[in-house]
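Examination of the molecular architecture
For reference, the chains in residue letters:
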Amino acid sequence: MKLTVIGGTGLIGSQVVQQLTAAGHEAVPAALSTGVDLISGKGLDQALEGADTVVNLANSPTFDEASLDFFRASMTNLLAAGHQAGVRHQVILSIVGVEQVPELVYYRAKALQEELLRQGPTPYSIVRVTQFFEFMEPTMSWTSDDTTVRLPATPIQPMAAADVATAVVEVAGGTPLGGIRNVAGPDVFRLDELGRITLAARQDARTLVTDDTAGLFAAVTGDALLPGPDARLAPTHYRDWLAAR
Ligand SMILES: NC(=O)c1ccc[n+]([C@@H]2O[C@H](COP(=O)([O-])OP(=O)(O)OC[C@H]3O[C@@H](n4cnc5c(N)ncnc54)[C@H](OP(=O)(O)O)[C@@H]3O)[C@@H](O)[C@H]2O)c1
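A brief look at the structure comes next. Since the model is a prediction, treat every value here as computed from it, not as a measurement.

**Re the overall build of the protein chain**
Secondary structure summary: the protein chain contains 8 helices and 11 strands in total. Against the globule reference of 18 Å for 245 residues, the protein chain gives a C-alpha radius of gyration of 18 Å, in line with a compact fold. Expressed as lengths along the three principal axes of its C-alpha atoms, the size of the protein chain is roughly 55 × 35 × 35 Å. Within the protein chain, the fraction of its 245 residues that count as buried is 50%.

**Some points on the packing of aromatic side chains**
Per the counting criterion, the structure on display carries 12 aromatic pairs. Aromatic ring contacts, followed pair by pair, group Phe63, Phe70, Phe71, Tyr106, Tyr107, Phe135, Trp142 and Phe217 into a single cluster.

**Structural notes on the pairing of strand β4 (residues 89-95)**
For β4, a buried count of 7 out of 7 residues is recorded, marking the element as mostly surrounded by other parts of the structure. Looking at chain direction, strand β3 (residues 53-56) and β4 are connected through 4 bridges and run parallel. Bridged to valine 54 within β4 is glutamine 90. Note that the unit made of β3, helix α3 (residues 66-85) and β4 has a crossover that is right-handed.

**What to know about helix α4 (residues 105-119)**
Its 15 residues place the ends of α4 21 Å apart at the C-alpha level, agreeing with the 21 Å of an ideal helix rising 1.5 Å per residue. Within α4, burial applies to Val105, Tyr106, Tyr107, Ala109, Lys110, Gln113, Glu114, Leu116 and Leu117.

**Some points on the pattern of salt bridges**
Working definition: two side chains of opposite charge can pair if their charged atoms are close together. Enumeration over the complete set of coordinates arrives at 13 salt bridges. Residue arginine 72 pairs with aspartate 69 through a salt bridge whose shortest N-O separation is 3.2 Å. Linking arginine 72 with aspartate 69, this pair stays in helix α3, spanning 3 residues, or about one helical turn. On the basis of relative accessibility, which here comes to 38%, the residue arginine 72 falls in the partly exposed class. On the accessibility criterion, aspartate 69 (49% relative accessible area) is partly exposed. Glutamate 114 is the salt-bridge partner of arginine 128, the closest N and O atoms lying 2.8 Å from each other. Note that arginine 128 is positioned in strand β5 (residues 124-129) and glutamate 114 in helix α4, a separation of 14 residues in sequence.

Conventions used here
- Residues numbered from 1 in each chain as written.
- Predicted model: local features only at pLDDT ≥ 70, side-chain atom pairs only at ≥ 80, totals over all residues.
- Heavy atoms only, no water.
- Helix = DSSP H or I, 4+ residues; strand = E, 2+ residues; numbered from the N terminus.
- Rg over C-alpha atoms; globule rule 2.2 N^0.38 Å.
- Buried < 20%, exposed > 50% of the residue type's maximum accessible area, 1.4 Å probe, protein only.
- Phe/Tyr/Trp six-rings, centres within 6.5 Å; stacked < 30°, edge-to-face > 60°.
- Pairing = 2+ DSSP bridges.
- Right-handed = clockwise from strand over helix to strand, strands pointing away.
- Expected span 1.5 Å × (residues − 1).
- Salt bridge = Lys/Arg side-chain N within 4 Å of Asp/Glu carboxyl O.

Everything listed here is a matter of coordinates, which is why it stays silent on function.
What follows is the structure, given as structure tokens:
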């Protein structure tokens, strides 16, 4: 099967291309750095030529208001170009509980992307996953100084990017779900607890201060980011992942 992987040079996209290729598919990465621009449409028709499935793993360069424009324009352009090219399956990667955190504009932008896909002309699948383990580092850096790292006690159930890629590959290689697949990590943590585990593993002497006003995830209420009982659980545990790095 031929698949075009939009954002195929990114954290998840590059691993999806690798895994699809290893499974015997023809997986073609398409991204800004390969000359394909989802926003202007440059190179898009050529990138989709002959593709059975499009996997959209592009990401907005920012998490602010501009992310709404990014996901609106990119999804609209990709659906139009895919329809024109005869694509039979459009897959996107979204976030577990995305509609439950309207306070975060990036989450509203991802919910908008989902809605555009649902209303589009092509059979589709939405893979919703939880926060990536790899996302801990930037999350901590936003609210840290030389002596402390501040994080709220938000419950999360994160997963490894490699497991995210596996979940995407499984869906992309199959028939359209016409709905959502939820996938989460194997363990629930509080974000501040995850920060303490991370600092300890890195022998980083800074103090982790629980601060329910700190950073992006302060806007999350209750268990909004945790999956329901239908979610599939990924195999990799955070402590094992940290130890292997
Ligand atoms: N972070 C999380 O915890 C989380 C959780 C659930 C879902 N997600 C979703 O996972 C997806 C992938 O995230 P990621 O971390 O793998 O992203 P990433 O590493 O930031 O990669 C982004 C990719 O998008 C491409 N791109 C950006 N602007 C583009 C444009 N105008 N035209 C074409 N390509 C463009 C980039 O191309 P170049 O490299 O060539 O510039 C790159 O390949 C995102 O949709 C995100 O919302 C993230």
